[in-house]
Amino acid sequence: MSALAEYETFDSDLDLWDKVCLNLKQVLGEGIFKSWITKINYERHENQIVYLSAPTRFIRDWILSNYERKIVICFQKHKPEIGKLDIAVKPTKQNIQPNPNLLINPADSFKISENTNTLEDNIFGYILDKRFTFESFVVGKSNELAYAAAKSIAESDSAQPGSNPLFLYGGVGLGKTHLMQSIAWHMKKNSPSRKVLYISAERFMYQFINALRAKDIMTFKQSFRNIDVLLVDDVQFICGKENTQEEFFHTLNTLIDNKKQIVISCDRSPSDLTDIEERIKSRLGWGLVADVHSTTYELRIGILQSKAAELNIDIPAAVIEFLAHKISSNVRELEGALNKVIAYAKLVGKKITIELTKDTLKDLLRSTQKIVTIEDIQKKVSERYNLKLADLYSSRRIKSIALPRQIAMYLSKSLTSKSLADIGKKFGGKDHTTVIHASKKIQELIDTDQDFAEDVTILRKQIEQ
Ligand code: ADP
Ligand code: MG
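Model, not experiment: these values are computed from the prediction.

Rules of the game
- As a convention, each chain's residues are numbered from 1 in the sequence order in which they are written.
- Each chain is given a letter, starting from A, and each ligand a number, starting from 1, according to the order in which they appear as written.
- Reporting of local features is limited, given that this is a predicted model, to residues whose pLDDT is at least 70; pairs of side-chain atoms are given and counted only at 80 or more, and all residues count toward the totals for whole chains, interfaces and linings.
- Hydrogens and water molecules were not included; the side-chain quantities draw on all heavy atoms of the structure.
- A strand pair is defined by DSSP finding two or more bridges across the two strands.
- In this text, helices come from DSSP runs of H or I with a minimum length of four residues, and strands from runs of E with a minimum of two, each type numbered from the N-terminal end.
- Axis lines are fitted to C-alpha atoms, over the contacting stretch for helices. Their N-to-C directions set the angle, which ranges from 0 to 180 degrees.
- Roughly parallel means an angle under 35 degrees; roughly antiparallel means over 145; roughly perpendicular covers 65 to 115; every other angle is labelled oblique.
- Here, two residues are considered to be in contact whenever any of their heavy atoms come within 4.5 Å of each other.
- Basically, the charged four are Asp, Glu, Lys and Arg, the nonpolar ten are Ala, Val, Leu, Ile, Met, Phe, Trp, Tyr, Cys and Pro, and anything else, Gly included, counts as polar.
- In this description, a nonpolar core means a group of buried Ala, Val, Leu, Ile, Met, Phe, Trp, Tyr and Cys residues linked to one another through side-chain atoms lying within 4.5 Å.
- Type-normalised accessible area, obtained with a 1.4 Å probe on protein chains alone, sets the label of each residue: buried when under 20%, exposed when over 50%, and partly exposed for intermediate values.

I'm lost on the sheet that holds strand E2 (residues 49-54) in this one. Help?
Within a sheet, adjacent strands bond to each other through the backbone by hydrogen bonds, running parallel or antiparallel. Ordered in space as E1-E2-E3, the three strands form an open sheet in which the pairing is mixed. A strand with exactly one partner marks an edge of an open sheet, and here the two such strands are strand E1 (41-46) and strand E3 (84-89). When strand polarity is set aside, the average angle formed by the axes of neighbouring strands in this sheet is 25°.

Where do I start with the packing of helix H20 (residues 399-415) against helix H22 (residues 432-448) in this structure?
A pair of packed helices can be characterised by two numbers: the angle between their axes and the separation between those axes. At a minimum axis distance of 8 Å, the contact between H20 and H22 shows a crossing angle of 100°. One element, H20, and the other, H22, form an angle in the roughly perpendicular class. Each of Leu403, Gln406, Ile407, Met409, Tyr410 and Lys413 in H20 lies in contact with H22, whose residues at this interface are Thr434, Val435, His437, Ala438, Ser439, Lys441, Ile442, Gln443, Leu445 and Ile446. Here the residues of the contact of H20 with H22 sort into nine nonpolar, five polar and two charged.

Help me out: how do you make sense of the nonpolar core in this one?
What tends to happen in soluble globular proteins is that the nonpolar side chains get buried as a cluster. In terms of nonpolar packing, the biggest core is built from 46 residues, with Trp17 and Phe75 touching the most fellow members. Elements that contribute at least two residues to this core include exactly helix H2 (13-28), E2, helix H4 (57-78), E3, helix H13 (297-310), helix H14 (317-326) and helix H15 (331-348). In terms of residue count, H4 provides more of this core than any other element does, nine residues in total. Excluding residues that lie within four positions of it along the chain, Trp17 makes contacts with Ile37, Ile40, Tyr42, Leu52 and Phe75.

For this particular structure, what's the right way to read the sheet that holds strand E7 (residues 261-266)?
The five strands lie next to each other as E5-E6-E7-E4-E8, forming an open sheet whose pairing is parallel. Every other strand in the sheet has two partners, leaving strand E5 (196-200) and strand E8 (288-291) as the edge strands with one partner each. The sheet shows a mean angle of 15° between the axes of neighbouring strands, taken without regard to direction. As paired elements, E5 and strand E6 (residues 229-233) share five bridges and run parallel to each other. For Ile199, the partnering residue across the bridge sits in E6 and is Val232. Its contacts with the sheet put helix H8 (residues 176-190) on strand E4 (166-169), E5, E6 and E7, and the angle it makes with E6 is roughly 160°.

The values are spatial; any link to function lies outside them.
Next up, the structure:
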């Protein structure tokens, strides 16, 4: 053993895991690390095997199929002999007990104004959703900047000049409100002396108009005077509303000048806002502008997994993957679909399976299903087998061309609603019997050759995406 290797042996195994975690954070990125690696526990290592534990079967399977190699490599940096992971499923306490937040009905959520850390004026009493905390927010590539910025504001005890205002923008249902309310909850818990106010831009407008009517603008203005952090959700609502805009601008300026933190959310970037004065637009983009992108497949998996764990319901990995694959529009729809499946399974007293999921979500899936065309199929098949499109239209019988052509015909028959004759036509004017023959042949191959079957499944998935 070299002197260096000796030097690198560890006092305890825990040091080893800490070091590996540091490496993993770099290799996998902060988001994946938080979503997955922090969920597993290190147990011990023996010979070439590292023993870990995960709270659910799903987390174990996901980590093994996506990150095993990377984890092993990180271990090898410190213990070169390690070659394999063994992850046991050990439900944690937190996992067994239902999350208390989920048992609370909306009437129990309390108003932020009820606590001394918030604005006392009850006209602004605003209900915060108990579920919207940093802990329940799943981080991925698409939202990691927004998450990091929100977290740093929540954890800081003064305004952050570089991100004042923090402007979060992105499409509907991607977690903007969740992040803003997470800031409010975090501060409520950890910095009770700081006053934080969460308000929607619509409500801001409503209160302002009421104040105008009552000729009591002073009280309205004063309500914002003592705030340390102001969170304004859905600011696009004040576009086109001149007086409200003006008042909002003054509120913003006064607070920023007094070193108070502002966080704004919007469905588009400052530069894409219309019907708003230039100077306001430019003021909004003055701090940090963070885009919440649409979700990736992996983030959707993480979100579904975390919701299932919160509800303490064991959902088969295949169902989670199916949902993440099919429902890519936004997180709200994804959650809605999961809840629907859970509720339906409970109602009919059946296990959650792919069939039950498909059955429950029939209508939703129909409307989100991509319409596949024969041209899409031909394009993907020719790319996959490195052919020219013309090869698929030709009558060449050489196997390297004939087989992909038959696969494309088979997929056209199963993924589109075109008639056999129409399909034949699109392949250089072939007869419908050629299409039948091709489909039969491919089906036989799928039934007898597993590798081939997998290949076709992958192709089909790519086409449907
Ligand atoms: P937006 O305000 O951007 O329209 P919301 O914050 O209301 O979206 O999010 C819609 C739903 O999706 C909420 O129930 C929220 O908890 C959930 N959600 C969105 N993003 C995430 C995430 N990254 N992790 C966990 N839940 C999320
Ligand atoms: Mg919102």
